[in-house]
Amino acid sequence: MKNDFTLAFNEIVDTRALPREVVLEALAQALVSAYRHDANVSSNQRVEATVLPDGSAEMLLEKEVVDSIHSESTEVLLEVARERYPDAEMGDTLMVPVPISTRGSFGRIAAQTAKQVILQRIREAEREVLYDEFAEREGDLVTGTVQSVTSGALTLSLG
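All values derive from a computational prediction rather than experimental measurement.

(A) The overall build of the protein, seen in detail. Along the protein, the regular secondary structure elements total four helices and six strands. Listing the helices and strands of the protein from first to last along the sequence gives α-α-β-β-β-α-β-α-β-β. Here the C-alpha atoms of the protein give a radius of gyration of 22 Å, more than 25% beyond the 15 Å that 2.2 N^0.38 yields for 159 residues. Counting every position in the protein, which comprises 159 residues, the buried fraction comes to 28%. In the protein, of all internal contacts separated by at least 6 residues, the share reaching a separation of at least 24 is 48%. As presented, the protein carries roughly 11000 Å² of accessible surface, and 51% of it is formed by carbon and sulfur atoms.

Take a look at the structure:
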């Protein structure tokens, strides 16, 4: 049986008529925002997330390779770094995996931030799809119905 993530993901893709990659990118951006907020990560430190269609996610955090850790959030031991990057050297800056759990790991505020990022990115993607659809029809004669008139803007329904 499909898990809740897959069902919700497919529903968003189908109802919004968006490419799967766009929705996955929105989810990855939301995870990065939530992690930054929850872990209090500096905006100068790179954070990357990858979300797979099955709901699994990988979060990578930029860290410096050191011999003794003074700050867990910005440094990684040489031995640990070499598990993923065999040729890592002292002073290198690497993208190190951060353990995350997508079920209940973020606080309420971070979860709200993630939700806002997802909604914003989906709205932007919908606008892009709509613009591309009508940009192809530039120069064509179309008929429509005026929906509303505001100062400097006219809303049309083109069917």
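Okay, back to it.
(B) Representation of unusual backbone geometry. Positive phi is not limited to glycine here, since Ala-17 has a value of about 55°. With respect to the secondary-structure elements, Ala-17 resides in the loop between helix H1 (4-16) and helix H2 (20-39). Phi is positive for Asn-40, close to 55°, though the residue is something other than glycine. Relative to the assigned elements, Asn-40 resides in the loop between H2 and strand S1 (47-51).

(C) Geometry of the side chain of Gln-45. In this structure, Gln-45 sits in the loop between H2 and S1. A polar contact is formed between the side chain of Gln-45 and the backbone oxygen of Glu-62, at a distance of 2.6 Å.

Rules and cut-offs
- Residues numbered from 1 in each chain as written.
- Predicted model: local features only at pLDDT ≥ 70, side-chain atom pairs only at ≥ 80, totals over all residues.
- Heavy atoms only, no water.
- Helix = DSSP H or I, 4+ residues; strand = E, 2+ residues; numbered from the N terminus.
- Rg over C-alpha atoms; globule rule 2.2 N^0.38 Å.
- Buried < 20%, exposed > 50% of the residue type's maximum accessible area, 1.4 Å probe, protein only.
- Contact = heavy atoms within 4.5 Å.
- Areas by Shrake-Rupley, 256 points an atom, 1.4 Å probe, with all protein chains shown as cover.
- Polar contact = N/O pair within 3.5 Å; in protein donor to acceptor, adjacent residues only side chain to side chain.

None of the figures reported here should be taken as evidence of function without further support.
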